[in-house]
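Chain by chain, the residues:
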Amino acid sequence: MISSIVYYIFYSSAVLFYGIGLNRSAVVCMELKGQTVRAIKSILTVTSSAVLSYLVCSSLLVPFGLAELYPFVCALIFISLSVFCESIVRITSRKSAAEFSISLLSILLSVNEGSSLARVTIISLCCVLAFYLFVPILHAIFRRIESGEPCKDFSSHSLVFLSIAVILLALFSWNVSWLNTGAVK
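The rules behind the values
Residues numbered from 1 in each chain as written. Predicted model: local features only at pLDDT ≥ 70, side-chain atom pairs only at ≥ 80, totals over all residues. Heavy atoms only, no water. Axes fitted to C-alpha atoms, helices over the stretch in contact; angles between N-to-C directions. Helix = DSSP H or I, 4+ residues; strand = E, 2+ residues; numbered from the N terminus. Parallel < 35°, antiparallel > 145°, perpendicular 65-115°, else oblique. Left-handed = near helix turned anticlockwise from the far one by under 90°. Contact = heavy atoms within 4.5 Å. Buried < 20%, exposed > 50% of the residue type's maximum accessible area, 1.4 Å probe, protein only. Core = buried A, V, L, I, M, F, W, Y, C linked by side-chain atoms within 4.5 Å.

(A) Quick peek at the packing of helix H4 (residues 70–93) against helix H5 (residues 101–113). Look at H4 against H5: their axes get within 10 Å of each other, and the N-to-C directions meet at 135 degrees. Comparing the axis directions of H4 and H5 gives the class oblique. Both H4 and H5 take part in a crossing whose hand is right-handed. The segment H4 lies against H5, with Tyr-70, Pro-71, Cys-74, Ala-75 and Phe-78 engaging Ser-103, Leu-104, Ile-107, Leu-108, Val-111 and Asn-112.

Written out as structure tokens, the structure is:
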């Protein structure tokens, strides 16, 4: 179980490996205000939607041979739960915490790769956590780029994306087959 958590948060991060929310993270990293409310709402809606979607898919769609309709079912369940949670957040905190693409793609990934209810819950939770743990790292990179006063020819967004590319290269370079000494012989 711990290996699954580490795998989906760090090594096979939903943001870095699958690209879920990569462009959104570069925009959100500019300011961290309100990220806590968004993170809590996303964690609640994604986890509950993934669990309900898995239960519906395994109990209704699979027995009737309609398993290919699971993205539609996941989207319907997520939209209904997200609207409910969004209305509660807006009433209590008067802020919008709407997030669609990251949440829906995390649900689809967890239902697709989860073989049990526990694994679906872990994968969905880790996907959302991977995004919200990556945002402060990008925020630090963005602040460092701003303090370095880059050339006017580069926008700060392009430098943030270049930094993401360097992080991706560092993350995936340890498992390169050409580093194997047996391949040289």
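(B) Spatial organisation of the environment of Gly-21. Residue placement: Gly-21 occurs in the loop between helix H1 (2–11) and helix H2 (22–28). Judged by its relative accessible area of 7%, Gly-21 is buried. Note: C-alpha distance between Gly-21 and Ile-102 (81 residues apart in sequence) is 5.3 Å. Not counting residues up to four positions away in its chain, the partners in contact with Gly-21 are Ile-102 and Phe-131.

(C) How the structure looks around the nonpolar core. Counting 40 residues, the largest nonpolar core has Ile-107, Phe-131, Phe-134, Leu-138, Val-160 and Ile-164 as its most contacted members. Contributions of two or more residues to this core are made by H1, H2, helix H3 (35–61), H4, H5, helix H6 (117–147) and helix H7 (156–172). Among the elements that line this core, the one with the most residues is H6, at 14 residues. Those residues in contact with Ile-164, other than ones at most four positions away along the chain, are Leu-16, Leu-22, Phe-134 and Leu-138. The next biggest cluster of nonpolar side chains, apart from the first, holds five residues, and it includes Cys-57, Leu-61, Ile-77 and Leu-81.

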